[in-house]
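Architecture and fold: a report
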Amino acid sequence: MVIDGHQHFWDPARADYPWMDSPELTPIRRAFGPADLAPLLKANGIDASILVQCRSALAETEEFLRIASATPSVIGVVGWADLTDGALDETLHRLRASPGGDKLVGIRHQVHDEADPDWLLREDVQRGLAAVFANDLAYDLLVRSRELPAAIATAQAFPKARFVLDHAAKPPIADGGSDEWSDRIAALATCGNVWCKISGLATEAKWDDWDAERLFPFVQHAANCFGEDRLIFGSDWPVCLLAGSYGEIKRALEACLARLGPQVRDKAFGVNAKAAYRLGWLHQRASYSSFSPCQGERVSRVPLLTRPPAPDPEIP
């Protein structure tokens, strides 16, 4: 099975997406749904996809689960839930019991939009993450270099949990990369419970001036850090349309991965997503009575090189 590990649906006419307000995002400020994606999957040899949250709203997660229930190609949903909510465990149980709830495979929050780069290390957030993992769900890390130290500390604090790094932490490709990104992603990769999505890279380059050759050094670095068993292909459609068509993005990332070896490419397009999101266990979830940070260990704050001001909401 060939899997697109990261795609979105949205409809700006029915909901608010703060990150979509900037003028340069006008080309994607319209509705995108299953009927739009289906022919693209077929044309590009993709069998299934993981549908990922776009806004901080439980209603969206519920809607995505209903869509997944009615759309066989959507084999998993990474939804949103409030990690700071003391009743999160009950919310997750309710979601799992709702239509399509068996396809809930993970939770995500736009951490890179939070003012505090250490937001992940807040006590209430750590309690929320414990509830996510107690329900045998993965957690998608939507961070940039600024938030990677907190992500590293969090992955270390929950060594039995599963984390998925979205968009390889958004390397500054348009600026030629940075040592800070390279070093911090390497540090995160030492946590064996973190997978890395090779997704969203073209939109981190100059949208009208990129190709596989320019993306390759960043894919290669991620591969050197995470290894062939922890890379996941994702189209990031329809965000990717800002820089290229679904087919162009898929071909470019496939070419980068193929340069690293056919086994690297093949695993990134299927088996690794199954492992990260336990897709083979959708109806046989493990059950945990408790899940908390390592006993006897304090969740440490990895020193930040800089503390930039709070960012404006950005592309997820």
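Structural data are supplied above this passage.
Residues numbered from 1 in each chain as written. Predicted model: local features only at pLDDT ≥ 70, side-chain atom pairs only at ≥ 80, totals over all residues. Heavy atoms only, no water.

This next bit is on the sheet that holds strand S7 (residues 194-198). Pairing is parallel across the open sheet formed by eight strands, whose spatial order is S1-S2-S3-S4-S5-S6-S7-S8. Here the strands that pair on one side only, and so sit at the sheet edges, are strand S1 (3-7) and strand S8 (231-233). Between one strand axis and the next, the sheet turns by 25° as a mean value, whatever way the strands run. For S7 and S8, the ladder comprises three bridges, and the chain directions are parallel. Note on S8: the bridge partner recorded for Ile 198 is Phe 233. (Pairing = 2+ DSSP bridges. Helix = DSSP H or I, 4+ residues; strand = E, 2+ residues; numbered from the N terminus. Axes fitted to C-alpha atoms, helices over the stretch in contact; angles between N-to-C directions.)

This next bit is on the pattern of salt bridges. Under the counting rule described, the total for this entry stands at 19 salt bridges. The closest approach of N and O atoms between Arg 108 and Asp 166, which form a salt bridge, is 2.9 Å. In this pair, Arg 108 is assigned in strand S4 (residues 104-109) and Asp 166 in the loop between strand S6 (163-165) and helix H6 (179-189), connecting sequence segments 58 residues apart. Taken individually, Arg 108 and Asp 166 each receive the classification buried, so the pair is uniform in this respect. As a salt-bridge pair, Lys 267 and Glu 228 come within 2.7 Å of each other at their nearest N and O atoms. On the criterion of sequence distance, the pair formed by Lys 267 in helix H9 (residues 262-268) and Glu 228 in the loop between helix H7 (212-226) and S8 is long-range, its members being 39 residues apart. With a relative accessible area of 18%, Lys 267 lands in the buried category. Exposure remark for Glu 228: the relative accessible area of 29% places this residue in the partly exposed category. Each of the salt bridges in this network shares a partner with another, and the network as a whole consists of Arg 108, Asp 140, Asp 166 and Lys 197. (Salt bridge = Lys/Arg side-chain N within 4 Å of Asp/Glu carboxyl O. Buried < 20%, exposed > 50% of the residue type's maximum accessible area, 1.4 Å probe, protein only.)

This part is about the environment of Leu 242. Position of Leu 242 among the secondary structure elements: in the loop between S8 and helix H8 (246-259). Taking relative accessible area as the criterion, Leu 242 reaches 12% and is therefore assigned buried. A sequence separation of 35 residues divides Leu 242 from Trp 207, and the C-alpha atoms of the two residues are 6.6 Å apart.

Take the packing of aromatic side chains next. Evaluated as defined, the whole model comprises nine aromatic pairs. Between Phe 9 and Trp 237, the aromatic rings sit 6.3 Å apart at their centres with planes inclined by 85°, giving edge-to-face as the arrangement. Highlighted residues: Phe 9 in the loop between S1 and helix H1 (34-43) and Trp 237 in the loop between S8 and H8, separated in sequence by 228 residues. With relative accessibility at 1%, the residue Trp 237 sits in the buried group. Look at Trp 10 and Phe 32: their rings are 5.8 Å apart centre to centre, the planes differ by 85°, and that puts the pair in the edge-to-face class. (Phe/Tyr/Trp six-rings, centres within 6.5 Å; stacked < 30°, edge-to-face > 60°.)

As a further point, take the state of the cysteines. Throughout this description, disulfide means a covalent bond between two cysteine sulfur atoms. Under the counting rule described, the total for this entry stands at zero disulfides. Considering cysteine sulfurs only, Cys 196 is the nearest to Cys 225, which forms no disulfide, with 8.4 Å between them. (Disulfide = S-S within 2.5 Å.)

Right, let's get into H6. Three or more residues of H6 are buried, namely Trp 181, Ser 182, Arg 184, Ile 185, Leu 188 and Ala 189. Against helix H5 (148-157), S6, S7 and H7 lie the buried residues of H6. (Contact = heavy atoms within 4.5 Å.)

Purely geometric numbers; function is a separate question.
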